[in-house]
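# Analysis of the macromolecular model
Here is what each chain is made of, one letter per residue.
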Amino acid sequence: MSPFARAKAGARYAFSRERTATITIRRLLPIKMSSQPHSISLAGCSAAEISKRLREWDPVSDGSSVSVIDANSPHGFAPGLNQPLVINVVGDIGDFAFLMNAGAEVEISGNVGSCAGHSLSSGYVLVNGNAGDCFGAYATGGVLACIGKAGARCGLALAGGEVVVRSEAGDEAALGMVDGTLILGNSVGEHLGAGMRGGTIYLRGSYKSLAAGVREFRLKESDTMRLSLLLARAGIRAAAKEFRVYRASSPGSIGSRGSTGGAA
Amino acid sequence: MSASRSILDDVVVTPVALMPGLPAGYSPVMVTAIQIVTPTGRKLQFGAPFFVRGLAESHMRTGWFAVCGILRSAGLPLFATVQELQSVPAANIPARVAQRFLGQPLVHDEVTTADAYELVNCSANGVGWGWPYEIASSRDLKVLVGAIRDATASETPIGLSLPLNVKAADMRTCIESSIDFLTLTHCSESLISAPDKIANLAAHGISSARRLCSQFGRPDLPLLLDAPIFDIDHVIKLLAMGASAINLAAIIQAAMPVEETPRHESKLTDSLLGSLPTAPKVVRELPHVERKLTELIRRLTETLQFTGLVDVADLKSDCLRGLNAVVADQLGIASIAV
């Protein structure tokens, strides 16, 4: 089985357009953990205590899978993780979750606050609920996926990471984007791609306004392949051909907050 | 005041009142070091109230190793990236302060290997001051600072950088975010470039910032001043005005020997290798820079002795007098006429 087919087989969500043109989530397969997770309840723990426990977690002796329950919505959840852990967080968590994550594979069952996955350099963060503003900001690598809605400025200054938002996204998505990929599965707000200098936006729905200096490009075969792989990686089943591609008009040009408007 | 005269030239350092109960002939050891302390008590010690910020390896070229070695032996921190210090011998590597500029990601290795970390609210070329998009309130900044602190296990002091003409609201935001130090920077986009005008700006900026620190409940917050100050007297007066440490990059650059550009031989030679330009020789020692630094520390020690203080931290604005009422009023210090 090819890597793509294997990834596609593991897809857990799919886009399905209803009459109202909204996208609903359909779970295809149950969550699979790499091994029996060690559950730890962190109810009442401060962000610093949670960080300390996860940082001191030894994947060799303690097991590589951790299930964190009752996360109690702390802000600044588990920053700077660089162990090859598989973490399953049950509950909502606050702002700046998994800041500078460098290797951990994370699945969050609830919602996350602003700036989840800020400066992600490698690894994987999947949010099954909604994400706040600046989802996946400054990510230089790895994959971030949000199954619900994302707030304003998702993919802010994205610098090589891959961000997937399955539902709607707010204004100024891909603001100051330098490199990487932003996949938007539904409609997006105003000023899409403002200040964008590089990277690629794949948009399936409509935008309220497109920033000056950003334009639509033809969806090539390479785009379709890349998009399919990323969607499959995020556990989303969708037809890549439904997406449109947006990039900065010329490499290095700086888009501004123009309003050329028009929903596609 | 003439155009070339700085406001700092109209300020003098005076002895403070003698401490009661000090035995006659007591000669305490001068303390010229400062430290930045994290909430968990972890300290970054400066050998003297100076640091070097804005000197890049590419600017210094052949003298980079030597400058790093001087800073290391003097115990002064250097603002640099991991990459800039990669080629420097381990024995020459000073304490390193890493920076994250506006629009840049936080880099895990930079954060976790630095002796201190600074969030700079402007782009790497010194233009475009402002809060990053992800910081909408002081609460956001507090969470970010807390998260970086957790990532470093609270072992790395975390600071922020603001422009010299800092606004009260920005200062309040910084102080509420529980930072460990604040750097006030002369914007390179500023049109002000004359040394006397920079000194004026620095004097007003640092005295105003120190007042705001007291106003917002952090009177002892370490304030690092990053402005191109060349005059040693000005450096000492700025320390008294409230700066905890001063950037020496301008003084070091001024003391650097002029590098000869490698000559490209136009004459054709028999040997191919003979026609290639040779790499510049790496400078191992910089006696001018060392002398300048020694002089600076000597003058600071003399000033402490003159004022009757033992610790540079005690060098405060009450040691200063304005030569006229206008200057005294502007800087919030006493006038010599009083």
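Residues numbered from 1 in each chain as written. Chains lettered and ligands numbered in written order. Predicted model: local features only at pLDDT ≥ 70, side-chain atom pairs only at ≥ 80, totals over all residues.

### So, the sheet that holds strand S5 (residues 102–108) of chain A
Residues and elements named next belong to chain A. Here is the rule: Strands pair, by our definition, only if DSSP identifies at least two bridges between them. The helix count covers DSSP runs of H or I at least four residues long, the strand count covers runs of E at least two residues long, and both are numbered beginning at the N terminus. For helices, the fitted line uses only the C-alpha atoms of the stretch in contact; every axis is such a line through C-alpha atoms, and the angle between N-to-C directions lies from 0 to 180 degrees. The contact criterion used is a C-beta to C-beta distance within 7 Å, with each C-beta placed from the backbone.
Read from one edge to the other, the open sheet built from 11 strands follows the order S2-S3-S4-S5-S6-S7-S8-S9-S10-S13-S11, with strand pairing classed as mixed. Because the sheet does not close on itself, it has two edges, and the strands there are strand S2 (38–41) and strand S11 (214–217). Between one strand axis and the next, the sheet turns through 20° on average, direction left out of account. Docked against the sheet, helix H4 (residues 221–233) engages strand S7 (143–146), strand S8 (159–165), strand S9 (179–184), strand S10 (200–203) and strand S13 (244–248), running at close to 70° with respect to S9.

### Remarks on the interface of chain A and chain B
A common way to express how large an interface is: the accessible area buried when the components associate. Quick note on the threshold: The classification used treats Ala, Val, Leu, Ile, Met, Phe, Trp, Tyr, Cys and Pro as nonpolar, Asp, Glu, Lys and Arg as charged, and all other residues, Gly among them, as polar.
Contact with chain A, which involves 28 residues of that partner, is made by 16 residues of chain B. Per element, the largest residue contribution to the side of chain A that touches chain B is three residues, and it comes from helix H2 (residues 47–55) of chain A. Each residue belonging to the side of chain A that touches chain B can be placed in one class, and the counts come to 15 nonpolar, 11 polar and two charged.

### Side note on the environment of Ala124(B)
On the secondary structure map, Ala124(B) appears in the loop between strand S7 (116–120) and helix H5 (138–151). Sequence separation between Ala124(B) and Gln104(B) is 20 residues, and the spatial gap between their C-alpha atoms is 8.8 Å.

### Some points on the nonpolar core
For the record, the criterion: Residues of type Ala, Val, Leu, Ile, Met, Phe, Trp, Tyr and Cys that are buried and joined through C-beta atoms within 7 Å form what is called a nonpolar core. To sort residues by exposure, count the other C-beta atoms lying within 10 Å of each residue's C-beta; 20 or more gives buried, 12 or fewer gives exposed, and values between give partly exposed, all with C-beta atoms placed from the backbone.
Val67(B), Ala202(B) and Leu238(B) are the most contacted members of the largest nonpolar core, which has 183 residues in total. Beyond its immediate chain neighbours, meaning those up to four positions away, Val67(B) contacts Leu55(B), Met60(B), Ile252(B), Leu286(B) and Val289(B).

### Observations concerning the confidence of the model for chain B
Note the cut-off: Think of pLDDT as the predictor's per-residue confidence, scored from 0 to 100.
Taken as a whole, chain B shows an average pLDDT of 84; of its residues, 86% reach a score of 70 or greater. If you check the scores for this complex, the pTM reads 0.85 and the ipTM reads 0.82.

### Looking at the packing of helix H8 (residues 232–241) of chain B against helix H10 (residues 287–307) of chain B
Residue and element names in this part refer to chain B. Selection rule: What sets the label is the angle itself: under 35 degrees gives roughly parallel, over 145 gives roughly antiparallel, 65 to 115 gives roughly perpendicular, and the rest give oblique. A crossing counts as left-handed when the near helix is turned anticlockwise from the far one by less than a right angle, and as right-handed when that turn is clockwise.
One way to put it is that H8 packs onto H10 with a least axis distance of 10 Å and a crossing angle of 50°. If you check the angle between H8 and H10, you find them oblique. Relative to H10, H8 is oriented so that their crossing is right-handed. Judged by residue contacts, Ile232, Val235 and Ile236 of H8 engage Glu295, Leu296, Arg299, Leu300 and Thr303 from H10. Residues that form the contact of H8 with H10 fall into these classes: five nonpolar, one polar and two charged.

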